[in-house]
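# Understanding the architecture of this molecule
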Amino acid sequence: MSLSAIPLPIRIVAGMLIGLLLFKAIGNASILLIIAAVLWTLLLAGLLYESGPLAALGGVPGLGKGLNWITNRTAAPNPAGDTAAEASAAKLSEEDRQALLTQAYHALDNAIGQEDARDLIETRLFEPARASTDDEPSFGTRAPAVMVVISGQRGLGAEQIARAIAKGYAGLGALKTAKVVELRSRDVRGSTDQISAVTDKAEEAIGGTLLMEDADWLLAPDPYGGGEPPGVEAGMALLGVAQANPQSFVIVATLEEGAEERLRQDSGHARWVGRLALRVVRLTPLEDEQLLSILLDELDAIRCPPEPDAERSLRVLIREVQEHSGAGFDNAEACRRIAEQLSTAEMEMALEDNAPAPVPGTPRTLALRHVQRVQDTWE
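Since the model is a prediction, treat every value here as computed from it, not as a measurement.

### What about the overall build of the chain?
Tallying secondary structure elements over the chain gives 16 helices and 5 strands in all. Counting over 379 residues, the chain shows a buried share of 45%. Here the chain displays about 19,100 Å² of accessible surface, and carbon together with sulfur accounts for 56% of that area.

What follows is the structure in structure tokens.
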């Protein structure tokens, strides 16, 4: 078990007890006072560093390493180290940047029903980044890193928007590259040294974007009921890399709707989230017509367009699936599954009618009776 599983105040008390034991062993009051003063000063500095007031010292070479050791936090990488050098070595050409920026806006425009999110990204993320130069990135903040939290229901295009943000920052020159390094729950839970696993991913992301998809695992409790939840330790590791390499990468996390509030209000997570520039992008639930548009696009992609009367019934079918799925309704993914069910119903009923096999590549028309068969499965 890592010492970081033991709350810092308990470690301080343990340090004081060690001082008392040294006094008993040495029997010299003057030596004891010197040792106790040094020991308690270091422990107090560790407490202030971990709780926030001395956080800025983490970026000071030598001193930050010592404070990380006192608080049992993984030492932050040297800002002049190989990873930072590699990130700054390759520079995007102006043509590359323009292409990335075009791709970013195209992806944002294609996120159905997310006009509000697009406007927020433009004003809160991209606009400050336009002041970036080759020598100095601009994120509109003095925090060591920007953390973008994208929250909302599943299937609204969170990953698409996250990758668009990465391309947009690179296109505007705030980031050196458009690379996206993924940090998933399995990367942390499947490692024997979870803090090192997180640190390695964050260091790999220097110069680009660290993407934490489905980052609700950050809020999972400690499975052993002991020290801090793994998510807090992971967050402190991310903060350590950001402080050692200020404004050199961006963190983008996708969360379930409402989870971002729990992340901000949790006292443990506040120790690292509060030191980053947090930007929250809330995705808007899709309306019936938007869901219908996605479903029609899916049917068109599999060459199974609906007849007019079938299209009218598709609105009802979507609503029935929503009611049946409840909070588990995942928008675009649900529409894809409905399209597959409709295609299967059309093929099954063609076999039942002994219809001739369709010529490969020929569109198959979706009729009202095919929609009704799928509707029967949801009743």
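The structure having been displayed, the exposition proceeds.
### Regarding the pairing of strand β3 (residues 209-212)
Neither face of β3 is open: one carries T209 and L211, the other L210 and M212, and all of them are buried. Strand direction decides the pairing type here: strand β2 (residues 180-182) and β3, joined by 3 bridges, are parallel. Along β3, the bridge assignment pairs E182 with L211. Relative to strand β4 (residues 250-255), β3 is paired through 4 bridges, and the arrangement is parallel. Residue pairing across strands places L210 opposite I251, the latter belonging to β4.

### Focus: the environment of M212
Looking at the secondary structure, you find M212 in strand β3. Spatially, the C-alpha atom of M212 lies 8.4 Å from that of S185, the residues being 27 residues apart in sequence. For M212, the contacting residues outside a window of four places in its chain are M147, L183, W217, L218, L238, I251, V252, A253 and T254.

### As for helix α10 (residues 230-244)
Relative to the 21 Å expected for 15 residues at 1.5 Å per residue, α10 spans 22 Å between its end C-alpha atoms, a close match to the ideal helical length. Of all 15 residues in α10, 14 are buried; the element is thus mostly enclosed.

### Regarding unusual backbone geometry
In this structure, D214 takes a positive phi of about 50 degrees despite not being glycine. With respect to the element layout, D214 can be found in the loop between β3 and α10. Residue D214 is classed as partly exposed on the basis of its relative accessible area, which comes to 38%. Its identity as a non-glycine residue notwithstanding, R303 has a phi of 55 degrees, on the positive side. Topologically, R303 is positioned in the loop between α13 (288-301) and α14 (308-325).

### Here's the deal with the side chain of S132
Along the chain, S132 falls in the loop between α6 (115-129) and β1 (146-151). Reaching out from S132, the side chain makes a polar contact with the backbone nitrogen of S138 at a distance of 2.9 Å. Setting aside residues no more than four positions away along its own chain, S132 makes contact with P137, S138, L172, G173 and A174.

### Remarks on the environment of R189
Turning to its location among the elements, R189 is positioned in helix α8 (residues 185-189). A relative accessible area of 52% places R189 in the exposed class. Aside from chain neighbours lying at most four places away, what touches R189 is Q194, W217 and A220.

### Describing the packing of aromatic side chains
Applying the stated criterion across every chain yields a total of 3 aromatic pairs. Ring centres of F126 and Y169 lie 6.1 Å apart, and the angle between their planes is 75 degrees; this geometry places the pair in the edge-to-face category. Pair noted here: F126 is in helix α6 and Y169 is in helix α7 (residues 158-171), with a separation of 43 residues, a long-range link. Taking relative accessible area as the criterion, F126 reaches 0% and is therefore assigned buried. The class of Y169 is buried, set by a relative accessible area of 1%. Of the aromatic side chains, those joined through ring pairs into one cluster are Y105, F126, F139 and Y169.

### Some points on the nonpolar core
Within the largest apolar cluster, 54 residues are counted, with the highest numbers of intra-cluster contacts made by V148, I150, I165, Y169, L295 and L342. Considering every element that reaches this core, the biggest residue donor is helix α15 (residues 332-352), with 7 residues. Once residues lying within four places of it in the same chain are set aside, the contact partners of I150 are A158, I161, A162, I165, V252, A253, T254, L255, V281 and L283. Formed by 36 residues, the second largest nonpolar core is a distinct cluster that contains A205, W217, L219 and L238.

### Some thoughts on the side chain of S138
Within the secondary structure layout, S138 lies in the loop between α6 and β1. From its side chain, S138 meets the backbone oxygen of P128 in a polar contact 2.8 Å long. Not counting residues within four places of it along the chain, the set of residues in contact with S138 comprises P128, A129, A131, S132 and A174.

### Describing the pairing of β1
A large share of β1 lies buried, amounting to 6 of its 6 residues. Neither face of β1 is exposed, since V146, V148 and I150 on one face and M147, V149 and S151 on the opposite face are all buried. Sheet topology places β1 next to strand β5 (residues 277-282); 6 bridges connect them, and they run parallel. Counterpart to I150 in the pairing with β5 is V281.

Calculation notes
- Residues numbered from 1 in each chain as written.
- Predicted model: local features only at pLDDT ≥ 70, side-chain atom pairs only at ≥ 80, totals over all residues.
- Heavy atoms only, no water.
- Helix = DSSP H or I, 4+ residues; strand = E, 2+ residues; numbered from the N terminus.
- Buried < 20%, exposed > 50% of the residue type's maximum accessible area, 1.4 Å probe, protein only.
- Areas by Shrake-Rupley, 256 points an atom, 1.4 Å probe, with all protein chains shown as cover.
- Pairing = 2+ DSSP bridges.
- Contact = heavy atoms within 4.5 Å.
- Expected span 1.5 Å × (residues − 1).
- Polar contact = N/O pair within 3.5 Å; in protein donor to acceptor, adjacent residues only side chain to side chain.
- Phe/Tyr/Trp six-rings, centres within 6.5 Å; stacked < 30°, edge-to-face > 60°.
- Core = buried A, V, L, I, M, F, W, Y, C linked by side-chain atoms within 4.5 Å.

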